[in-house]
Amino acid sequence: MAPTVRVRFAPAPTGLLHIGNARTALFNYVFAKRERGRFILRIEDTDAERSSEAFVQAILEDLRWLGIEWDEGPDGKGSYGPYRQSQRISLYRQFGEQLLQEGKAYKCFCSRERLEALRKEQLSQGLMPRYDGKCRLLTRKEISEKESEGVPFVLRFPVGRGTVLFEDLIHGKMSFELSGIGDFIIIRSYGIADYNFACVIDDHLMEITHVIRGDDHLSNTPRQILLYRAFGWEPPQFAHHPLILGPDRTPLSKRHGATAVAHYRQEGFLPEALLNYLFLLGWTPPSKEEFFTIEKLREEFSLSSLSRNAPIHSRQKLEWLNSHYIRKMNENRLLTLLTPSLEKAGIKVDQCEKKYLLEVISLLKENITVLSQVEEYLGIFFDEKFAIEEEAKKILKHPENQKILQEIYAILKESPKKGEGSWASLLLKVEERTGHKGKSLYAPLRAGITGKMKGPELAKILPLLGQERVMKRLKIALEGEDP
Ligand code: GLU
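What counts, and at which threshold
Residues numbered from 1 in each chain as written. Predicted model: local features only at pLDDT ≥ 70, side-chain atom pairs only at ≥ 80, totals over all residues. Heavy atoms only, no water. Phe/Tyr/Trp six-rings, centres within 6.5 Å; stacked < 30°, edge-to-face > 60°. Buried < 20%, exposed > 50% of the residue type's maximum accessible area, 1.4 Å probe, protein only. Helix = DSSP H or I, 4+ residues; strand = E, 2+ residues; numbered from the N terminus. Lys NZ or Arg CZ within 6 Å of the ring centre and 35° of its normal. Near = heavy atom within 4 Å. Polar contact = N/O pair within 3.5 Å; in protein donor to acceptor, adjacent residues only side chain to side chain. Areas by Shrake-Rupley, 256 points an atom, 1.4 Å probe, with all protein chains shown as cover. 1 Å grid on protein atoms, 1.4 Å probe; cavity = no way out; pocket = protein on both sides within 12 Å on 5 of 7 lines; lining within 4 Å. Sits in = over half its atoms within 2 Å of the grid points. Nonpolar A, V, L, I, M, F, W, Y, C, P; charged D, E, K, R; others polar. Pairing = 2+ DSSP bridges. Right-handed = clockwise from strand over helix to strand, strands pointing away. Expected span 1.5 Å × (residues − 1). Arc of directions from axis to C-beta. Contact = heavy atoms within 4.5 Å. Points joined across faces, edges and corners; volume = space filled by probe spheres on them. Bend = angle between axes of the 7 residues up to and from the residue. Lys, Arg positive; Asp, Glu negative; His and termini not counted. Salt bridge = Lys/Arg side-chain N within 4 Å of Asp/Glu carboxyl O.

Novice: What should I look at first to understand the packing of aromatic side chains in this one?
Specialist: By convention here, two paired aromatic rings are described through the distance between centres and the angle between planes. Tallied over the full model, the rule gives 17 aromatic pairs. Between Phe231 and Trp233 the ring centres are 4.2 Å apart and the planes differ by 10°, which places this aromatic pair in the stacked class. Grouping residues by exposure puts Phe231 and Trp233 together as buried. Between Tyr356 and Phe382 the ring centres are 6.1 Å apart and the planes differ by 85°, which places this aromatic pair in the edge-to-face class. Taken together, the positions of Tyr356 in helix 13 (residues 354-364) and Phe382 in the loop between helix 14 (374-381) and helix 15 (390-397) put the pair 26 residues apart, joining distant regions of the chain. Here Tyr356 matches Phe382 in class, with each residue buried. Geometry around Tyr80 places Arg6 over its ring, the cationic atom sitting 3.7 Å from the centre. Here the basic side chain of Lys107 rests over the ring of Phe153, its NZ or CZ set 4.5 Å away from the ring centre.

As structure tokens, then:
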């Protein structure tokens, strides 16, 4: 029987979760679910200076928000822990010592200055900088002399000659010449394991079967395979997916706008939209359907169907997906999601009539692409936020427009209380009496009644506001007063 699939997402908590990393997490998660395997979250925090607990917590929160739940991880689940590299340091030292004893690693005493000079020299000759193996050739005597002098050292892994071949589940056959790779550090002078070393030990001890990660790690894979061989361990299968690029085809970075999941969340993107978007980048489902849920992905996803071409980030596409999910969402859930922004804007949600709130939301959801945009429209529905924008004021000043507003005010005054259905006939009547229709009628009406130049359909706003409030606003517009 094939072993249970075990995959891992291994972020370094040196910043907020980037959408590129979230995409890696998502591929791992969906693959694990599809294969009925386990999804492991491992925190790679060996870089104590740049890692922080606040970033660990932020990453966990963002993953949860996206609905990517781990089966094993730093919060106590799983029996392959600890799941933080900072708690596994003695393990790495032990394995480093083992390689040293077996003659599969050596102590390197080269100073930073020597390495820097070597690097410059190689670069000036147009060579790829790499360690020249000087300390690999030290005699026992030289080594013990340096040790007794207390010269600090690192542990290096001798790479040797030849070629490393492996089959990548996305890219296919990969081949790396070892002559291009210098003997690399496995344990640093201050006793901390380097990424490649810690990663191999953890992936092995955690029984990881598939390593799914970004193309930026492709060049690490031959080093890792060499370490597996040195230990006599079976390497996992590897799948490297292309990284997201910005519209200028350079790796997606802050220069291209928001890159952190947390920023998209704050702006009011929905997790289902972001997930859908991240998957659509570089993956076309067999059904060609553009909208899909995680459940659907589980059925259709396979690593080999991921594109080998780097996807280009498109905020426009993300917004388009987000507005789709907002429109599809039921008003009650939307109200729950919007409540913090409403409260922040000064609307006392628990003092509002729920039916009214839900109706407002059902109108607004047609107009917004991100949740935070509701703020722009609150003045239409909540008197305490009502204000007339400058552009609307200009329209209202026009004498012809004043006439239109007077006409509608007069009709409203003479008509009995408006029922819901009668607003359409009222608008027809105004058309008849003023001879205006289309934009020349609706622009001043919208400006007067909502204080804005755009927003949800006027014919739907009117019944929601009701006759009394509409008249009040018309009066303000006619008298040219600030509300
Ligand atoms: N800590 C590495 C990163 O964040 C993990 C790479 C890997 O998945 O092996 O890029």
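Novice: For this particular structure, what's the right way to read the site of the ligand?
Specialist: The local shell around the ligand consists of Arg8, Ala10, Pro11, Ala12, Glu44, Tyr195, Cys199, Arg213 and His217. Contact distances for the ligand include 2.8 Å between a nitrogen atom and a backbone N or O atom of Ala10. Between an oxygen atom of the ligand and a side-chain N or O atom of Tyr195, the distance comes to 2.6 Å. Protein contacts shield 82% of the accessible area of the ligand, which totals 300 Å² for the unbound molecule. More than half of the atoms belonging to the ligand lie within 2 Å of the grid points that define the largest pocket. Looking at the shell around the ligand residue by residue, the class counts come to 5 nonpolar, 1 polar and 3 charged.

Novice: Hey, could you run me through the pairing of strand 2 (residues 38-41) in this one?
Specialist: Within a regular beta strand, the side chains point alternately toward one face of the sheet and then the other, so they alternate between its two faces. When strand 1 (residues 6-9) meets strand 2, the two strands line up parallel, connected through 4 bridges. Among the inter-strand pairings, Val7 is bridged to a residue of strand 2, identified as Phe39. For the segment spanning strand 1, helix 1 (residues 19-34) and strand 2, crossover handedness is right-handed.

Novice: Is there a simple way to think about helix 17 (residues 422-434) in this case?
Specialist: One turn of an α-helix holds 3.6 residues; hence residues three or four places apart share an orientation. With 13 residues, helix 17 should reach 18 Å at 1.5 Å per residue; the first-to-last C-alpha distance of 18 Å fits that figure. Buried residues of helix 17: Trp423, Leu426, Leu427 and Val430, and no others. Summarising the axial view, the buried residues of helix 17 lie within an arc of 100°, below the 170-degree limit, and thus occupy one face. Turned more than 90 degrees from where helix 17 packs its buried face, Ala424 and Glu432 sit exposed. As for helix 17, its buried residues are in contact with helix 16 (399-414), helix 18 (439-450) and helix 19 (458-479). Just beyond helix 17, the residue with positive phi is Gly435, at close to 75°.

Novice: Just checking my understanding: could you explain empty space enclosed by the protein for this structure?
Specialist: The probe, sized like a water molecule, is rolled over the atoms to show the empty space still left. Overall, the coordinates contain 1 cavity of 30 Å³ or more when judged by the stated rule. What the largest cavity holds in volume is close to 50 Å³. Leu338, Leu342, Leu357, Val360, Ile361, Leu364, Val374, Leu378 and Phe382 together form the lining of the largest cavity. Of all the elements in the fold, those that place two or more residues in the lining of the largest cavity are helix 12 (331-344), helix 13 and helix 14. Tallying contributions element by element places helix 13 first for the lining of the largest cavity, with 4 residues. Residue composition of the lining of the largest cavity, by class: 9 nonpolar, no polar and no charged.

Novice: I keep staring at helix 19 and nothing clicks. Help me out?
Specialist: For helix 19, which comprises 22 residues, the first-to-last C-alpha distance of 22 Å sits more than 12% below the rise-based estimate of 32 Å (1.5 Å per residue). Along helix 19, the helix axis deviates most sharply at Gly466, where the bend reaches about 105°.

Novice: What is the right way to look at the side chain of Asp168 in this model?
Specialist: Within the secondary structure, Asp168 sits in strand 5 (residues 163-168). Here Asp168 is buried and forms no salt bridge, its nearest opposite-charge partner Arg308 lying at an N-O distance of 7.4 Å. There is a polar contact of 2.8 Å between the side chain of Asp168 and the backbone nitrogen of His171. Engagement of the side chain of Asp168 in a polar contact is seen with the side chain of His240, the distance being 2.7 Å. When residues no more than four places from it in sequence are discounted, the contact partners of Asp168 are Met174, Leu218, Phe238, Ala239 and His240.

Novice: I tried to follow the pattern of salt bridges on my own but got confused; where do I start?
Specialist: When charged atoms on two side chains of opposite charge get close, those side chains can pair. Going through the model one piece at a time under the given rule, you end up with 41 salt bridges. The salt bridge partner of Arg84 is Glu53, with a shortest N-O separation of 2.8 Å. Pair noted here: Arg84 is in the loop between helix 2 (53-66) and helix 3 (89-101) and Glu53 is in helix 2, with a separation of 31 residues, a long-range link. Residue Glu53 is classed as partly exposed on the basis of its relative accessible area, which comes to 41%. Notably, a salt bridge pairs Glu390 with Lys393, separated by 3.5 Å at the nearest N-O pair. Of this pair, Glu390 and Lys393 both sit in helix 15, 3 residues apart, which is roughly one turn of the helix. Residue classification places Lys393 among the partly exposed positions, given a relative accessible area of 26%. Through salt bridges with shared partners, one network takes in Arg8, Arg42, Glu44, Arg88, Asp202 and Asp203.

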